[in-house]
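Observations on chain architecture
Chain residues, written in single-letter form:
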Amino acid sequence: EGRGKFGLPKGIWFDLIANMSFHSNGTETPAVNPLNPALNYANVSQANSYDIQGFLRYETGPLGHIAIGIEKSWGGLQTLSGGTLGAVYGPFNTSADNYTRAHLQITKAVMPDLQLGIDLKHDFQTVGGYKEDFGVEFRLVKLFVNTPPPKPNMYTK
C-alpha cells in the first residue's frame, strides 16, 4: 500500500507478505544409519508452514529502497515414521520452522535492469531450528525487459 491510505510521505510504502507452504508425504529414506542401512525411517511427512512479513519501505529511486520489517514463521513440523527404527521407536518428530525475525533491507540499481541488495537479519525467538543471531543475505536481480529500438532521427538513416 502506498502513502495515500495511511497519510505517509511520498516514497514510503507498507508491504505485507503472507505465505503458506503445503508439503506432501515423502517415501524417500530421510535417515539412514551409515553403519547399518537397515536401521532407518521409511517415511517423512511435514505439516503446512505459514509465514507473514511486514515492512516499512522507503524508495530511494528506481529499483532502490531501504526497508525495516518483522517476520513471523510457524508450522512445518516434520515427522519420521516407518522402517526399522519407526517400528521400534514409533513416529519421531524432527523439527519445525518457528521463529520471529527482524530485517533491514537495502537495494540499489547499478544499471537500469540490474539491482543489488542486502538483507541483514536477526532472530529474536526460534523453536525447533537454528537461531540466526545475525545473518546476511546478498541478492542480485536481473530484469529481462524488451526495450523498443531507438527511433530514427534526422541524423540517422
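What comes next is a walk through the structure. (Residues numbered from 1 in each chain as written. Predicted model: local features only at pLDDT ≥ 70, side-chain atom pairs only at ≥ 80, totals over all residues. Heavy atoms only, no water.)

**Focus on the sheet that holds strand E6 (residues 64-75)**
Our working rule: For two strands to pair, DSSP has to find at least two bridges joining them. A helix here means a DSSP run of H or I that spans at least four residues, while a strand means a run of E at least two residues long, and both kinds are numbered starting from the N terminus. Between N-to-C directions, angles span 0 to 180 degrees; the directions come from axes that are lines fitted to C-alpha atoms, helices contributing only their stretch in contact.
Sheet architecture is open: six strands sit in the order E1-E5-E6-E9-E10-E11, paired in antiparallel fashion. If you trace the sheet from one side to the other, it starts and ends with strand E1 (12-21) and strand E11 (135-142), each paired once. Each strand of the sheet is rotated relative to its neighbour by a mean of 20 degrees, with strand direction disregarded. Relative to strand E10 (residues 114-127), strand E9 (residues 98-111) runs antiparallel, the two sharing 13 bridges.

**Thoughts on the pattern of salt bridges**
Our working definition: A pair is scored as a salt bridge if a Lys or Arg side-chain nitrogen falls within 4 Å of a carboxyl oxygen belonging to Asp or Glu. Only protein chains enter the accessibility calculation, which uses a 1.4 Å probe. A residue is then buried if its area is under 20% of the maximum for its type, exposed if over 50%, and partly exposed in between.
Tallied over the entire structure, the rule returns eight salt bridges. For Arg57, the salt bridge identified is with Glu59, shortest N-O distance 2.9 Å. For Arg57, a relative accessible area of 16% puts it in the buried group. Classification of Glu59 by relative accessible area gives partly exposed; the value is 34%. The residue Asp123 makes a salt bridge to Arg101 at a minimum N-O spacing of 2.6 Å. One end of the pair, Asp123, is in strand E10; the other, Arg101, is in strand E9, with 22 residues separating them in the sequence. The class of Arg101 is buried, set by a relative accessible area of 9%.

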